[in-house]
Amino acid sequence: MKLQTNADLYRKLPSVDELQRSQELAALAAKEGQAAVTDATRTVLASLRDEISAGRLDANGVDLALSGLEDAVARQLRQALKHSLQSVINATGVILHTNLGRAPLAASALAHIREIAGTYSNLEFDAETGERGKRDVHVDRLFRKLLDEHMGTAAYDRVDAGVPARVAKPAVSTIVVNNNAAAVLLALNTLAENSEVIVSRGELVEIGGSFRIPDVMSKSNALLREVGTTNRTRISDYEKAINEKTRLLLRVHRSNFQITGFTEQPQIEELATLARQRNIPLLEDLGSGALFDLRSVGVNGEPSVLDSLRQGADVVTYSGDKLLGGPQAGMLSGRGDLIARMRSNSLFRALRVDKLTYAALEATLLAYVKGDHNAIPALRMMRLSKEEIGTRAQAVTKKLQSHRLSVEVRDGESVIGGGAAPSATLPTRLLAITCKDLSADELSALLRASDPPVIARVEEGRTLLDLRTVFPDQDEAVAQALTQIAETDRA
């Protein structure tokens, strides 16, 4: 029998037009669009040519492939039109997992987004006057309820033009930009462009994605003036550094790491007193920024936004998708006169957020106003007890009857994540899973390949699942993913 050459095998392949004239692909084109089907067809045929060229397909292999060409095109089309951004099950126990999208949104936030996104809205329209409005009014009113009403109206001492004066505490106002780095950028540019900002060397942190505070300051056109040392900075260091070029004192909360041992750091009250004496604003970059008392869930040492404002910070910057439990955003809350200056900065327009962010943020803040913290998924997860999680873990275990998998429910720890409260842990119960013929990394990879993907963590040769960060209605999907792995023989 004459062996067929690659050229002979190539001639067996139909043209793109010929293949698309088939009844199956014609129907597919009517449903999904001719251009998408054409692209999928070209991809499938190009793949077959590559297989032939590499010598991985003989005549019989080509004939087999030709018999399933329409199905191959349909599969390729589904893959091409599949969303890249997809839902996953977070079983890592990291509540604010940056790589997994940080805080999940409340059901009320999703409903409000759907309502606002599908129609027109009064984003920048005052329906009462019929004139143009400001988009930040939709959430500033709620921030005032949560912050300003709890601040009181007591006066404080400040030095104006060298003369001590008793000044009424200004109302708190809030504006929103697209993330906390943008909030810091806007504040620095507004309050200290081409002037000096004093900050401790121990607070020149690097946040996710290699973004560093000194770099943000440089982009803002503010001039960095470092004081103190990495581990020790005193209030006298700030006092000595103040000169005629100083426009701002900056305190950066070390939310994603700790310095322990021989350390010293001024209290925010000390910095606030110095700032008032010198009539220089004090900006605190909280990073995460909680609107509730974390001590209620056993997390200590993480100041809330209200704590910082009460202790004297003039402006506080913080994130929306971390401890607040809302959408990605950067908030600036503080003295109304300073916030007004930032609102009028042209950078504010470049950094502003859209109607969907405002919709999600407004709904999230309303949950705070109503005191319904359990409506916010991230807060609800923090409040779960070890016993509640253990009960769910035992229920999942009972559904796994397999000699291939070994499952143990044991004590463990969850973490907040998202650069918040780095030393804080929450007691939990873990599903510790081993597989007879798979390593922990291989088992974890198979879980990621599930539909939907299940993201676990690997420690000490075991695959660990923490149901604290798994929504209760996802427990069944976790059990099914494990069952499917247990019932599939290793190839």
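Right above here is the structure, for reference.
Keep in mind that what you see is a predicted model, and the values were worked out from it rather than measured. (Residues numbered from 1 in each chain as written. Predicted model: local features only at pLDDT ≥ 70, side-chain atom pairs only at ≥ 80, totals over all residues. Heavy atoms only, no water.)

Helix and strand content of the protein: 20 helices and 20 strands. Classification of the 491 residues of the protein by burial places 47% in the buried group. Just so you have it, the protein exposes about 24700 Å², and 48% of that area is on carbon and sulfur atoms. (Helix = DSSP H or I, 4+ residues; strand = E, 2+ residues; numbered from the N terminus. Buried < 20%, exposed > 50% of the residue type's maximum accessible area, 1.4 Å probe, protein only. Areas by Shrake-Rupley, 256 points an atom, 1.4 Å probe, with all protein chains shown as cover.)

Turning to the pairing of strand β12 (residues 246–252), a few remarks are in order. Across the seven residues that make up β12, a large majority, six, are buried. Two strands pair when backbone bridges link them, and strand β8 (residues 196–200) and β12 are joined in this way by three bridges, in the parallel orientation. Bridging from a neighbouring strand, Val197 pairs with Leu248 of β12. (Pairing = 2+ DSSP bridges.)

Among the six residues in strand β15 (residues 330–335), six count as buried, and that is most of the element. Of the pairings in the sheet, the one linking strand β7 (residues 172–177) to β15 comprises six bridges and is antiparallel in character. Residue pairing for β15: Thr174 is matched across the bridge by Ser333. Note: strand β14 (residues 315–319) against β15, five bridges, orientation antiparallel. Pairing of Thr317 across the sheet is with Leu332, part of β15.

Further remarks concern the sheet that holds β15. Here seven strands make up an open sheet; going across it, the order is β7-β15-β14-β13-β12-β8-β11 and the pairing mixed. The open sheet has two free edges, formed respectively by β7 and β11 (223–227), since each of these has just one partner strand. Neighbour to neighbour, the strand axes of the sheet diverge by 25° on average, direction disregarded. Along the sheet, helix α9 (residues 180–192) makes contact with β7, β8, β12, β13 (282–287), β14 and β15, crossing β15 at roughly 40°. (Axes fitted to C-alpha atoms, helices over the stretch in contact; angles between N-to-C directions. Contact = heavy atoms within 4.5 Å.)

Among the nonpolar cores identified, the biggest contains 55 residues, and Phe143, Leu147, Leu291, Tyr318 and Met382 are the most heavily contacted of them. Core analysis: the next-biggest nonpolar cluster, separate from the first, contains 27 residues, Val199, Leu338, Phe348 and Leu351 among them. (Core = buried A, V, L, I, M, F, W, Y, C linked by side-chain atoms within 4.5 Å.)

So, about the environment of Ser344. Note that Ser344 resides in the loop between α14 (336–343) and α15 (346–351). Judged by its relative accessible area of 61%, Ser344 falls in the exposed class. Sequence separation between Ser344 and Thr190 is 154 residues, and the spatial gap between their C-alpha atoms is 9.1 Å.

What follows deals with the pattern of salt bridges. Between side chains of opposite charge, a pair can form when the charged atoms approach closely. All told, the structure shown has 24 salt bridges when counted by the stated rule. Between Arg141 and Glu362 there is a salt bridge whose closest N-O contact spans 2.8 Å. Placement of the pair is Arg141 in helix α8 (residues 137–146) and Glu362 in helix α16 (residues 355–369), with a sequence separation of 221 residues. Since its relative accessible area comes to 41%, Arg141 is described here as partly exposed. Accessibility expressed as a relative area gives 14% for Glu362, which makes it buried. Each of Glu124, Arg132, Arg135 and Arg352 takes part in a single network of salt bridges with overlapping partners. (Salt bridge = Lys/Arg side-chain N within 4 Å of Asp/Glu carboxyl O.)

Let us look at helix α20 (residues 475–487). Here α20 spans 18 Å end to end across 13 residues, near enough to the 18 Å set by a 1.5 Å rise per residue. Those residues of α20 not exposed but buried are Asp475, Val478, Ala479, Ala481, Leu482, Ile485 and Ala486. Down the axis of α20, the buried set is contained in an arc of 160°. They therefore lie on one face. Away from its buried face, by an angle of more than 90 degrees, α20 presents the exposed residues Gln484 and Glu487. (Expected span 1.5 Å × (residues − 1). Arc of directions from axis to C-beta.)

Residue Pro452 is reached from Asp451 by a cis peptide bond, and omega for that bond is 0°. In this structure, Pro452 sits in the loop between α19 (440–448) and β18 (454–455). Positive phi outside glycine occurs at Asn194, with the angle close to 60°. Position of Asn194 relative to the elements: it lies in the loop between α9 and β8. Positioned with a positive phi, Asn279 is a non-glycine residue whose angle comes to about 55°. Here Asn279 lies in the loop between α12 (268–277) and β13. A relative accessible area of 41% places Asn279 in the partly exposed class.

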